[in-house]
Amino acid sequence: MIHLHGIQHRILEIGDLSIPPGHTVVTGWNGGGKTTLLRLLAGLELPKAGSIMFEDRKPGDTECGWVNEFPGRNMLFSLVRDELSSPLRFAHIPCDEVARKVGECAEWAGVSHLLPRRTHTLSGGEQVLTSLATALIGRPQILVLDEFDSYLDHGTADAIDEKILDSGARYIIQCTQNPDLAARADRVLLLSHGRVHAFGPPRDVFSGLERCCYYPPSWRLGRGTGL
Amino acid sequence: MELAFEAVHKRRGDFTLRASGIFGPGVHLISGKVGAGKSTLAALAAGIMAPDTGTVKKNGVSSFTLSLQFPEWHITGNTIGEEILSWGLNAEDVLMRVGMKGRDHDDPLAISRGELKRLHLACICMRKWDLLILDEPFSGLDCRQKQELCRWIGEFRSGILLICTHESHFLPPVDFLWEMRDGVLFALGRVPEALAAWKQAPPLLKSLLCQGILPRNITEDDVREAAWKIRG
Amino acid sequence: MEDPRLRLFAVIAISICAFLSTVGALMTLAWWAVLTPGPRLLRQSPAPLFALVPVALISALGIATGGDGFSYFIRMTAIVLVASYAYQVRRPGEFLQVCGWMMGNRTGFDLGLSGEIGLSSLELLGRDLSRIRTAMQLKGMSLSWNTFGPIAGGMVIRLLSSSEDQADLLYTRGYSEGGTACPRFSRGTWDFVPFFAAIFFLILSFLEVRDIFILLQ
């Protein structure tokens, strides 16, 4: 369980929040504090007040995969192959194993054909897929994804989503503006002006929001139509 | 007024784009998978990239711009106020419109991507263009902002508007449909007739089309109205 | 030169040669013109020539004040041209590999990683410049003294912000100290020719001009 207690940081004000393992979607209006929360969970910032604990450890003490909301700002190296291999090389894994794992992970993410490419020549979607593969190659316990799906077509996003759920990460914390994706998550955290507006299973969170555009379109249109 | 792609070829590494077609006045939606060439097409249309062979002609177009998929790529000012001014607009008017009043001294790189996209689109929308190319305009926006953008596009009357997107739910009313398939541009025709040939159609729309129901257009309301026909 | 190790040593040797004397600098220019693709690369991308502007100004000042501005100009021109050749032919990742090969997976990797990140920041600066040019074109702006200041300032701010992103990525990817460099090199058939030529010119440049003629006789 991830425990957040008395968090006060920039726009965020969160009293007590416990996030169980599984797939948690963070959603809400632009500027509502989603990225700030995700950065705290990834250990990239320390809260001004309050505490965050991953089971019995602090965020920085746990292996974490991270994808920034700006695709171009996820790139450390000039080559896709170097990008993908970096977490393994930083972990001092032998070269043969690095090469094997990079091949497997690239295949898994559908970016094998991009391995010899320069990172700045990739399209937005390709950059996102590369970042995601890099975030997952070290098999992290926590995966923090900041709106990576907004640069993907629905076919690719759905396929990648299934793979993410199958990645073995214990906690997947994903920010998205796709309500249908939120509807499929284990739980949804709806943030508004830095505060938790609702948190729980999608059915509970969206139950009072039928008139709001956040209500999943597949639920709205699917009911009674078989779509 | 028209934007014409005449036997355009553009090679970028292993990828080759091929495009021929004429974009006349109206709203054109161009869809395609990741890496299919939508952004390359948009860059060629705006003239910020030159084709290897073929020509891109803008006939009767006196003002045009391209909204790049990454809003941060447009930044030339060090504050939000300077950034708005660089578009030749009044900072107060724009900030009022996007609900960011009093933030003209903020660093544009320090605000959230959604806010930056909203600000950038407001700057684009508050000027008049003969040709406007929007590359992934919906990415990073929340549903309320997506609906707002759809409303603005719905009111776009004069000129040529090209929208390159893979948005599935919040789509604006469009006149023409195009598709990029592995680097090749296909003209699907006028909406709604063109919908039947739309391979990249969003899932809900595709389900309707599979059941033989043709919505009037591709907006959320059109899809909902068509779905209700099933319900009876 | 495909092998980055030979290229690195050759560039270091020939740069020392150019620095030592005017004759050495002339030999360096000959090395650059005949044994490297430097002239062709410079025609394709002449941006490094801008680095010669301050060199020319300082040389002119040297000549005007009675100093040895001419020699300075020849030597610095040779060094700038060799440096621009080395920058233009480098391949991503090879600096890390060379450092790892020379100094191992701790110090070598750290040094190589810093070098790679530094080089990508330079590339980023170049791309940022062309991005700003595009943004200005799309906004219908033109470059003037009024716009130059904020744009230059903005580039510095963006470079600083990109180093924050790099720090985030290093942190979340688990970097603490060193790593596996995995050096792997390929060598071209003629790689040794410019390498040995550079070493030979360096040795020659240590000799007096008079000694060279004696040697030739």
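Look up a bit, the structure's there.
Residue positions are given per chain, counted from 1 along the sequence in the order it is written. All chains are assigned letters beginning with A, and all ligands numbers beginning with 1, in the order in which they are written. Two thresholds apply to this predicted model, a pLDDT of at least 70 for residue-level local features and 80 or more for giving and counting side-chain atom pairs, whereas whole-chain, interface and lining totals are computed over all residues. Water and hydrogen atoms play no part in the side-chain values, which are based on all heavy atoms of the structure.

*Asks:* Quick question: what am I supposed to make of the state of the cysteines here?
*Replies:* Disulfides are covalent bonds that connect the sulfur atoms of two cysteines. Throughout, a disulfide means two cysteine sulfur atoms within 2.5 Å of one another. On inspection of all chains with the given rule, the structure shows 2 disulfides over all chains. The residue that forms a disulfide with C95(A) is C182(C), at a sulfur-sulfur distance of 2.3 Å. On the S-S bond that ties C95(A) to C182(C), the torsion sits near -105°, and the link is left-handed. Of this pair, C95(A) sits in helix 3 (residues 95-109) while C182(C) is found in the loop between helix 7 (145-172) and helix 8 (192-206), placing the two residues in two different chains. Burial status follows relative accessibility: with a 1.4 Å probe on protein chains alone, a residue under 20% of its type maximum counts as buried, one over 50% as exposed, and anything between as partly exposed. A relative accessible area of 30% means that C95(A) is categorised as partly exposed. There is a disulfide in this structure between C213(A) and C143(B), and the S-S distance comes to 2.0 Å. Disulfide C213(A)-C143(B): torsion about the S-S bond near 60°, hence right-handed. With C213(A) in the loop between helix 7 (202-207) and helix 8 (217-222) and C143(B) in helix 5 (residues 143-154), this residue pair bridges two chains. Numbering of helices and strands runs from the N terminus; a helix is a DSSP stretch of H or I covering at least four residues, while a strand is a stretch of E covering at least two.

*Asks:* Explanation requested: helix 1 (residues 4-20) of chain C in the structure shown.
*Replies:* Residue and element names in this part refer to chain C. To estimate the expected span of a helix, subtract one from its residue number and multiply by 1.5 Å. Look at helix 1: 24 Å from first C-alpha to last across 17 residues, which is about the 24 Å you get at 1.5 Å a residue. Those residues of helix 1 not exposed but buried are P4, R5, L6, R7, A10, V11, A13, I14, S15, C17 and A18. The criterion used for residue contact is that any of the two residues' heavy atoms lie within 4.5 Å. Buried residues in helix 1 make contact with helix 2 (22-35), helix 5 (69-89), helix 6 (94-139) and helix 8.

*Asks:* Just to check I follow, could you spell out the pattern of salt bridges for this structure?
*Replies:* Every case where a carboxyl oxygen of Asp or Glu lies within 4 Å of a side-chain nitrogen of Lys or Arg is listed as a salt bridge. Here the structure, examined in full by the defined rule, presents 37 salt bridges over all chains. The closest approach of N and O atoms between D158(A) and R184(A), which form a salt bridge, is 3.3 Å. A residue pair is termed long-range when its members are at least 10 positions apart, and D158(A) in helix 5 (residues 154-165) and R184(A) in helix 6 (residues 179-184) qualify at 26 residues. D52(B) is paired through a salt bridge with K10(B); the nearest N and O atoms lie 3.6 Å apart. Placement of the pair is D52(B) in the loop between helix 1 (38-46) and strand 4 (53-59) and K10(B) in strand 1 (residues 2-12), with a sequence separation of 42 residues.

*Asks:* Looking at this model, I keep getting lost on the interface of chain A and chain C. Mind explaining?
*Replies:* Chain A puts 30 residues into the contact, and the matching count from chain C is 28 residues. Defined in terms of a 1.4 Å probe, buried area is the accessible area two parts forfeit on being brought together, summed over both. The junction of chain A with chain C conceals about 2500 Å² of combined surface from both sides, 56% of it contributed by carbon and sulfur atoms. Linking chain A to chain C there are 4 salt bridges. When the shortest N-O distance is used, the salt bridge between R39(A) and D168(C) registers 3.0 Å. Under the rule applied, a polar contact is a pair of N or O atoms within 3.5 Å (in protein, one hydrogen donor and one hydrogen acceptor; residues adjacent in sequence only if both atoms are side-chain atoms). Put simply, chain A and chain C have 12 residue pairs in polar contact (both at pLDDT 80 or more) between them. Of all the secondary-structure elements, those providing two or more residues to the side of chain A that touches chain C are strand 5 (64-67), helix 2 (80-90) and helix 3 of chain A. At 7 residues, the largest contribution of residues to the side of chain A that touches chain C is made by helix 2 of chain A. Grouping the constituent residues of the side of chain A that touches chain C by class yields 15 nonpolar, 9 polar and 6 charged. The classification used treats Ala, Val, Leu, Ile, Met, Phe, Trp, Tyr, Cys and Pro as nonpolar, Asp, Glu, Lys and Arg as charged, and all other residues, Gly among them, as polar.

*Asks:* I would appreciate a short explanation of the interface of chain B and chain A in the present structure.
*Replies:* Accessible area lost upon the coming together of the parts is a frequently used measure of interface size. Facing the 39 residues of chain B at the interface are 34 residues of chain A. Interface area, chain B with chain A, both sides summed: about 3300 Å², of which 59% is carbon and sulfur. Our count for the contact surface shared by chain B and chain A stands at 2 salt bridges. At the surface where chain B touches chain A, the tally comes to 13 residue pairs in polar contact (both at pLDDT 80 or more). Mapped onto the side of chain B that touches chain A, the elements with two or more residues apiece are helix 4 (113-125), helix 5, helix 6 (203-210) and helix 7 (220-231) of chain B. The residue inventory of the side of chain B that touches chain A, partitioned by class, reads 14 nonpolar, 15 polar and 10 charged.

*Asks:* Got a minute to help me understand the sheet that holds strand 1 (residues 2-9) of chain A in this structure?
*Replies:* Strand pairing in a sheet relies on backbone hydrogen bonds. The paired strands run either parallel or antiparallel. All names here are of chain A. For two strands to be treated as a pair, DSSP must find at least two bridges joining them. Read from one edge to the other, the open sheet built from 3 strands follows the order 2-1-4, with strand pairing classed as antiparallel. Where the open sheet ends on each side, the last strands, each with one partner, are strand 2 (12-19) and strand 4 (49-54). Sheet twist, expressed as the average angle between the axes of neighbouring strands with direction ignored, equals 10°. Relative to strand 4, strand 1 runs antiparallel, the two sharing 5 bridges. Within strand 4, the position partnered with Q8 by the bridge is A49. Convention adopted: a line fitted to C-alpha atoms gives each axis, helices being fitted over their contacting stretch, and angles between N-to-C directions are expressed from 0 to 180 degrees. Running over the sheet, helix 1 (residues 34-41) touches strand 1, strand 2 and strand 4 and is turned about 125° from strand 1.

*Asks:* Would you take a moment to explain unusual backbone geometry for this structure?
*Replies:* Across the chain, the bulk of peptide bonds are trans and the bulk of non-glycine residues have phi less than zero. Geometrically, the link from V191(B) to P192(B) is a cis peptide bond, its omega value of 15° lying close to zero. Note on placement: P192(B) falls in the loop between strand 9 (184-190) and helix 6.

*Asks:* Please clarify how the pairing of strand 3 (residues 22-28) of chain A should be interpreted in this entry.
*Replies:* The side chains of a regular strand alternate between both faces of the sheet. Residues and elements named next belong to chain A. In terms of residue burial, strand 3 counts as a mostly covered element, since 7 of its 7 residues are buried. The pairing of strand 3 with strand 7 (residues 171-175) spans 5 bridges and is parallel. Its bridge partner being in strand 7, H23 is matched across the sheet by I172. Pairing analysis gives 5 bridges linking strand 3 to strand 8 (residues 187-192), with the strands arranged parallel. Bridge pairing in strand 8 links T27 to L190.

*Asks:* Quick question: what am I supposed to make of the nonpolar core here?
*Replies:* What tends to happen in soluble globular proteins is that the nonpolar side chains get buried as a cluster. By nonpolar core we mean a set of buried residues, namely Ala, Val, Leu, Ile, Met, Phe, Trp, Tyr and Cys, connected to one another through side-chain atoms within 4.5 Å. Formed by 70 residues in total, the largest nonpolar core has its most connected members in I84(B), I153(B), L161(B) and W198(B). Looking at this core element by element, the count peaks at 7 residues for helix 4 of chain B.

*Asks:* Looking at this model, I keep getting lost on the side chain of H23(A). Mind explaining?
*Replies:* All names here are of chain A. With respect to the helices and strands, the residue H23 is situated in strand 3. Of note is the side chain of H23, whose polar atom sits 2.8 Å from the side chain of Q174. Excluding its chain neighbours within four sequence positions, the residues that come into contact with H23 are D161, L165, I172, Q174, L181, A185, D186 and R187.

*Asks:* Even after reading the chapter, I still don't get the sheet that holds strand 8 of chain A, so can you show me in this structure?
*Replies:* All names here are of chain A. Strand order in the open sheet formed by 6 strands is 5-6-7-3-8-9, and the pairing between neighbours is mixed. Of all the strands in the sheet, the pair left with one neighbour each is strand 5 and strand 9 (195-200). Sheet twist, expressed as the average angle between the axes of neighbouring strands with direction ignored, equals 15°. Running over the sheet, helix 1 touches strand 3, strand 5, strand 6 (142-146), strand 7 and strand 8 and is turned about 145° from strand 3.

*Asks:* Before we go on, may I ask you to explain a nonpolar patch on the surface in this structure?
*Replies:* Residue and element names in this part refer to chain C. Residues forming no salt bridge and having over 30% relative accessible area are the ones grouped into patches, like charges within 9 Å of each other and nonpolar side chains (Val, Leu, Ile, Met, Phe, Trp, Tyr) within 5 Å. A 1.4 Å probe and the Shrake-Rupley method give the accessible areas. Residues count as covered only by the protein chains that appear here. Together, F9, I12, I16, F19, L20, W101, M102, M103, L111 and F206 make up a nonpolar patch on the protein surface, roughly 950 Å² of accessible area in all. Looking at the nonpolar patch, the elements with two or more residues in it are helix 1 and helix 6. Take the nonpolar patch: its biggest share by element is 5 residues, from helix 1. Locating M102 in the fold gives a position in helix 6.

*Asks:* Which parts of the structure should I look at to understand the packing of aromatic side chains?
*Replies:* Two numbers describe a pair of aromatic rings. These are the distance of the centres and the angle of the planes. What counts as a ring pair is set by centres within 6.5 Å for rings of Phe, Tyr and Trp (its six-membered ring), and what kind of pair is set by the plane angle: stacked under 30 degrees, edge-to-face over 60, tilted for all other angles. All told, the structure shown has 18 aromatic pairs over all chains when counted by the stated rule. On the basis of an interplanar angle of 65° and a centroid distance of 4.7 Å, the ring pair of F70(B) and W73(B) is categorised as edge-to-face. Since its relative accessible area comes to 3%, F70(B) is described here as buried. Look at W73(B) and you get partly exposed, because its relative accessible area is 35%. Taking 5.2 Å as the distance between ring centres and 65° as the angle between the ring planes, the aromatic pair formed by F195(C) and F196(C) counts as edge-to-face. Connected via pairs of aromatic rings, a cluster forms that spans F90(A), F109(C) and Y175(C). Any Lys NZ or Arg CZ that is within 6 Å of a ring centre and within 35 degrees of that ring's normal is treated as a charge sitting over the ring. Over the ring of F70(A) we find R73(A), and its NZ or CZ is 4.4 Å from the ring centre. Across from the ring centre of F64(B), 4.5 Å away, lies the NZ or CZ of K58(B), which sits over that ring.

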